[in-house]
Every structure is written in C-alpha cells, then in structure tokens.
Amino acid sequence: MDVTLNYIRMQLTCLECKNDVDLSSYSDLEKDQVIECNTCGITLMVTNIENTMVTAEVVDEGK
Ligand SMILES: [Zn+2]
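In this report, the structure presented in the accompanying data block is examined. Given the structure is predicted, the values throughout are model-derived calculations rather than measurements.

### Focus on unusual backbone geometry
- You will see that Lys18, though not glycine, has its phi angle at about 65°, which is positive.
- Relative to the helices and strands, Lys18 is located in the segment before strand 1 (34–36).
- Judged by the 9 C-beta atoms lying within 10 Å of it, Lys18 is exposed.
- Positive phi outside glycine occurs at Asn51, with the angle close to 55°.
- Overall, Asn51 belongs to the exposed group, with 9 C-beta atoms counted inside 10 Å.

Written out as structure tokens, the structure is:
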C-alpha cells in the first residue's frame, strides 16, 4: 500500500471556468469519481490521475 499518495496535492483545472478546483475535500480521489467545481459549480468526472495531475471531463447533467 502506498499511503504517501494521500499527502500529494492533486491539481485539476476546471474545464469550464479555468480556475483550480479545490480537491482538498476529496481525500480518496479516484478515476470515475464525480466532483464539483467550487468556483462555477459544474460537475466533473475524473477520467485520469497521473501523479498529481488530475484529468476530468464535464458531466452532462441534462442526459
Ligand atoms: Zn469551474
């Protein structure tokens, strides 16, 4: 188990408003997790996590 990952500050830039999303409330961030931008409120789904770089896509809530 690699517990050191829990102490790395993950980084994600919101696709909508281009602000940094506050990921501090998501301690166990993982792929396919749905998160919310704290700036514009858009819903994002994590598509990839590579080291501290988080990639996400916009979730279309109108589906
Ligand atoms: Zn945003």
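There is more to say after this.
### A look at the nonpolar core
- Residues Leu12, Cys14, Val21, Ile35, Cys37, Leu44, Val46, Val54 and Ala56 constitute the largest nonpolar core, which totals nine residues.
- Going through the elements one at a time, strand 2 (43–50) and strand 3 (53–58) are the ones with two or more residues in this core.

### Here we look at the pairing of strand 3
- Sheet topology note: the strand 2/strand 3 ladder contains six bridges and is antiparallel. Within strand 3, the position partnered with Leu44 by the bridge is Val58.
- Counting the residues that bridge the hairpin from strand 2 to strand 3 gives two residues, and of these Asn51 lies at a positive phi of roughly 55°.

### Some details on the sheet that holds strand 3
- As summarised here, the arrangement of the three strands in space is 1-2-3, forming an open sheet in which the pairing is antiparallel. The sheet is open, and its two edges are formed by strand 1 and strand 3, each paired on a single side. Pairwise comparison of adjacent strand axes, ignoring direction, gives a mean angle of 50° for this sheet.

The rules we used
Residues numbered from 1 in each chain as written. Predicted model: local features only at pLDDT ≥ 70, side-chain atom pairs only at ≥ 80, totals over all residues. Helix = DSSP H or I, 4+ residues; strand = E, 2+ residues; numbered from the N terminus. Buried ≥ 20, exposed ≤ 12 C-beta atoms within 10 Å, placed from the backbone. Core = buried A, V, L, I, M, F, W, Y, C linked by C-beta atoms within 7 Å. Pairing = 2+ DSSP bridges. Axes fitted to C-alpha atoms, helices over the stretch in contact; angles between N-to-C directions.

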